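Spelled out from the first residue to the last, the chains are:
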Amino acid sequence: MSPRSLVWWAAIAVGGLAGLVAYTFLYAQGASYLSNDPKACTNCHVMQSRYDAWSKGSHHAVAVCNDCHLPPTSLAHRLFVKGVNGFNHALAFTTGRFPEPIAITGFNRRVTESACRHCHRDIVHMIDALPRSDGAVSCIRCHSMVGHPQ
């Protein structure tokens with residue numbers, strides 16, 4: 001194959017991939033995920049019950065999805081997590097490979113735990129100061145239904 005035809009095939013492959021990404025982004029309403037609007041999460045039908053539960057829950061008045069599901073650290077870290085999750089969500093929902101009911105991953109469980117500890121740092125600091133033999137307390141182990149009560 002000549003170098004010219006390699007360039008041609010590479011251009012077709014890159015163009016096709018760019019087209020597929022653009023189509024998926026538009027079809028999945030990708031721009032809405034760049035906002036802070038919790039309604040964006042309901043673009044995926046499996047999240048509607050979570051949104052409905054959050055709307056009736058105690059955190060509705062004080063936190064939106066990004067407050068609990070993105071790290072409370074730097075903008076770069078938040079964008080990294082949003083990018084990883086965006087890719088994983090797009091892949092899962094495009095291929096139809098996701099659990100129903102939707103389940104949090106270990107990665108996102110750590111992010112959410114970090115967010116809990118950040119917002120409730122005063123009380124968490126006092127709880128963590130108590131002596132215990134089993135290690136640190138997990139907020140979301142005991143309070144798993146706070147953000148999305150059933």
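What you see is a predicted model; the values in this text were computed from it and never measured. (Residues numbered from 1 in each chain as written. Predicted model: local features only at pLDDT ≥ 70, side-chain atom pairs only at ≥ 80, totals over all residues. Heavy atoms only, no water.)

Q: Honestly, the packing of helix 4 (residues 75-95) against helix 5 (residues 106-119) in this entry has me stumped. Any pointers?
A: Each pair of packed helices can be summarised by the angle the axes make with each other and by the distance between the axes. Closest axis-to-axis distance for the helix 4/helix 5 pair is 12 Å, and the angle between their directions is 145°. Of the two elements, helix 4 crosses helix 5, and the hand of that crossing is left-handed. In this structure, helix 4 contributes Val81, Val84 and Asn85 to the contact, and helix 5 contributes Phe107, Asn108 and Val111. Among the residues making up the contact of helix 4 with helix 5, the classes are represented as four nonpolar, two polar and no charged. (Axes fitted to C-alpha atoms, helices over the stretch in contact; angles between N-to-C directions. Helix = DSSP H or I, 4+ residues; strand = E, 2+ residues; numbered from the N terminus. Left-handed = near helix turned anticlockwise from the far one by under 90°. Contact = heavy atoms within 4.5 Å. Nonpolar A, V, L, I, M, F, W, Y, C, P; charged D, E, K, R; others polar.)

Q: Can you help me understand the packing of aromatic side chains in this one?
A: Two aromatic rings, taken as a pair, are described by how far apart their centres are and by the angle between their planes. In the structure shown here, the tally under the stated rule is one aromatic pair. Both rings, one in Tyr51 and one in Trp54, keep their centres 5.7 Å apart while their planes meet at 40°; by these two values the pair is tilted. Of this pair, Tyr51 and Trp54 both sit in helix 2 (residues 48-56), three residues apart, which is roughly one turn of the helix. Since its relative accessible area comes to 10%, Trp54 is described here as buried. (Phe/Tyr/Trp six-rings, centres within 6.5 Å; stacked < 30°, edge-to-face > 60°. Buried < 20%, exposed > 50% of the residue type's maximum accessible area, 1.4 Å probe, protein only.)

Q: Help me understand the pattern of salt bridges, please; the structure alone is not making it clear to me.
A: Should their charged atoms come close, side chains of opposite charge can pair. As enumerated under the stated definition, the model contains two salt bridges in all. A salt bridge links Arg117 to Glu113; the shortest N-O distance between them is 3.0 Å. Of the two residues, Arg117 and Glu113 both sit in helix 5, four residues apart, roughly one turn of that helix. Between Arg117 and Asp128 there is a salt bridge, with its nearest N and O atoms 2.6 Å apart. Of this pair, Arg117 sits in helix 5 while Asp128 sits in helix 6 (residues 121-128), and the two are 11 residues apart along the sequence. (Salt bridge = Lys/Arg side-chain N within 4 Å of Asp/Glu carboxyl O.)

Q: Any chance you could explain the packing of helix 5 against helix 6 here in plain terms?
A: Interaxial distance between helix 5 and helix 6 falls to 5 Å at its minimum, and their mutual angle equals 100°. When the interaxial angle is binned, helix 5 and helix 6 end up roughly perpendicular. Here Arg117, His118 and Cys119 of helix 5 come into contact with helix 6, specifically with Arg121, Val124 and Asp128. (Parallel < 35°, antiparallel > 145°, perpendicular 65-115°, else oblique.)

Q: In this structure, what is going on with the environment of Asn66? I would like to understand it.
A: Structurally, the position occupied by Asn66 is in helix 3 (residues 65-69). Look at Asn66 and you get buried, because its relative accessible area is 13%. Filtering out sequence-adjacent residues up to four positions away, Asn66 remains in contact with Ser35, Asn36, Arg78 and Lys82. Engagement of the side chain of Asn66 in a polar contact is seen with the side chain of Lys82, the distance being 3.1 Å. (Polar contact = N/O pair within 3.5 Å; in protein donor to acceptor, adjacent residues only side chain to side chain.)

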